[in-house]
Amino acid sequence: MKKVKRIFIPLTFMSLLLISLSACGQSEPLYSGLKKEYVVNKLNDNKIKFKVSSGSKVEVLRNDWDKSSNLSEILYEETPNSKGIVTLSLSANNQKIRIVNGDKTATKTIKIKESKKLQNENSNNNEENYSNANATESSASEQPSLSNDSIRSTIESADSGIDVESVNGSYTDADSTAQIVLNGRELASNKQAERAMLMDISTVWKTVKDNFDYLKISNIGVSVKYPLKDEGGNTSSEYVIKSDISGNKLDQLNSDGFNYKNVPNFATNWWQSEALPKL
């Protein structure tokens with residue numbers, strides 16, 4: 001009678017095999033590290049960070065989006081870094097965001113809460129602001145009201161070289177938006193033309209901040225058109241830059257010290273045609 005040989009597999013190998021098989025059956029979570037509420041300790045420091053799965057993107061949505069409006073539901077998109085980390089600067093409490101990866105989506109509402117220390121600081125600032133109320137009230141009364149014509153004329157007065165094609169907006173006491181279209185200056189090179197476009201957008205931002213009640217503006221869109229030639233030799237005016245910025249973000253802009261080269265990074269949302277060089 002032949003003896004049957006028994007084969008013993010080391011326990012460590014079996015453990016690794018089971019772990020490997022188990023991992024194969026699990027899918028990567030869409031996101032992780034995202035809280036429902038964030039406590040901030042500094043004014044205008046509403047940055048949040050969390051991780052998303054490979055291939056995901058994050059959409060920041062308009063809280064007051066209405067299907068009947070002409071505005072897009074998506075305020076701007078943010079892509080993760082090489083480690084899958086997404087950093088968002090949220091300008092509103094109860095901000096809606098959507099994580100998207102193929103056919104998988106998750107919509108979340110993020111709450112921003114001020115710490116007790118920041119609340120006390122704001123209370124002290126409010127008392128100081130109240131003491132200067134008469135002076136600020138008189139200066140505010142001199143500000144022009146928001147309208148398509150007032151925005152256009154104020155920009156053109158600030159820099160006669162800026163070619164404003166159109167201004168279209170919706171202006172209310174509670175919430176205002178404006179879409180401004182500029183025509184780019186035709187210069188010796190695309191690099192010089194792009195530099196002029198950034199300077200013009202910077203001028204528009206500063207002009208709006210210095211002359212209007214900008215905190216009532218939820219979004220200012222500034223786009224630039226420029227003549228482009230196709231492969232057939234035909235020239236047409238096309239959008240080469242599209243940008244968005246909120247009134248809250250304008251509040252952080254120093255009109256005297258702001259460098260126009262920072263326009264793409266400072267904008268809430270930025271798109272630039274590949275036809276333009278990168279400064």
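Note: the structure precedes this text.
In this report, we go over the structure that sits alongside the text. These numbers come from a predicted model, not from an experiment.

**As for the pairing of strand 7 (residues 95-101)**
At step 1: With respect to burial, strand 7 is a largely interior element, five of its seven residues being buried.
At step 2: As paired strands, strand 7 and strand 8 (residues 104-114) are joined by seven bridges and run antiparallel to one another. Bridging across to strand 8, V100 finds its partner in T105.
At step 3: Once strand 7 ends, the chain turns through two residues before running back antiparallel as strand 8, passing G102 with a positive phi of about 65°.

**What to know about the pairing of strand 11 (residues 217-229)**
At step 1: Summarising the sheet, strand 10 (residues 176-183) and strand 11 pair through eight bridges and their orientation is parallel. Across the sheet, I180 pairs through a bridge with V222, a residue of strand 11.
At step 2: Pairing analysis gives ten bridges linking strand 11 to strand 12 (residues 235-245), with the strands arranged antiparallel. When the bridges of strand 12 are listed, P227 appears paired with S237.
At step 3: The loop that links strand 11 with its antiparallel partner strand 12 comprises five residues; one of these, G233, has a positive phi angle of about 85°.

**Quick look at the pattern of salt bridges**
At step 1: Inspection of the entire model under this criterion finds nine salt bridges.
At step 2: The salt bridge partner of R185 is D200, with a shortest N-O separation of 2.8 Å. Taken as a pair, R185 in the loop between strand 10 and helix 5 (190-211) and D200 in helix 5 lie far apart in primary sequence, 15 residues in all.
At step 3: When its relative accessible area of 27% is taken as the criterion, R185 is described as partly exposed.
At step 4: Here D213 and K216 are joined by a salt bridge, their closest N and O atoms 3.7 Å apart.
At step 5: A residue is classified by how much of its surface remains accessible, and D213, at 32% relative accessible area, is partly exposed.
At step 6: Given the relative accessible area of 35%, K216 is considered partly exposed.
At step 7: One connected set of salt bridges, linked through shared partners, spans K57, E59, E73, E77 and R98.

Scoring rules and cut-offs
- Sequence positions are assigned chain by chain, starting from 1 and proceeding in written order.
- A pLDDT threshold of at least 70 governs which residues receive local features in this predicted model, and a stricter bar of 80 or more applies before side-chain atom pairs are shown or counted, although totals over entire chains, interfaces and linings include all residues.
- In computing side-chain properties, one takes all heavy atoms of the structure into account and sets aside hydrogens as well as water.
- Buried means the residue's accessible area, taken with a 1.4 Å probe over protein chains only, is under 20% of the maximum for its type, while exposed means over 50%, and partly exposed covers the values in between.
- The secondary structure listing takes helices from DSSP runs of H or I that are at least 4 residues long and strands from runs of E that are at least 2 residues long, numbered from the N terminus.
- Here, strands pair whenever DSSP counts at least two bridges between them.
- By salt bridge we mean one thing: a side-chain nitrogen of Lys or Arg within 4 Å of a carboxyl oxygen of Asp or Glu.

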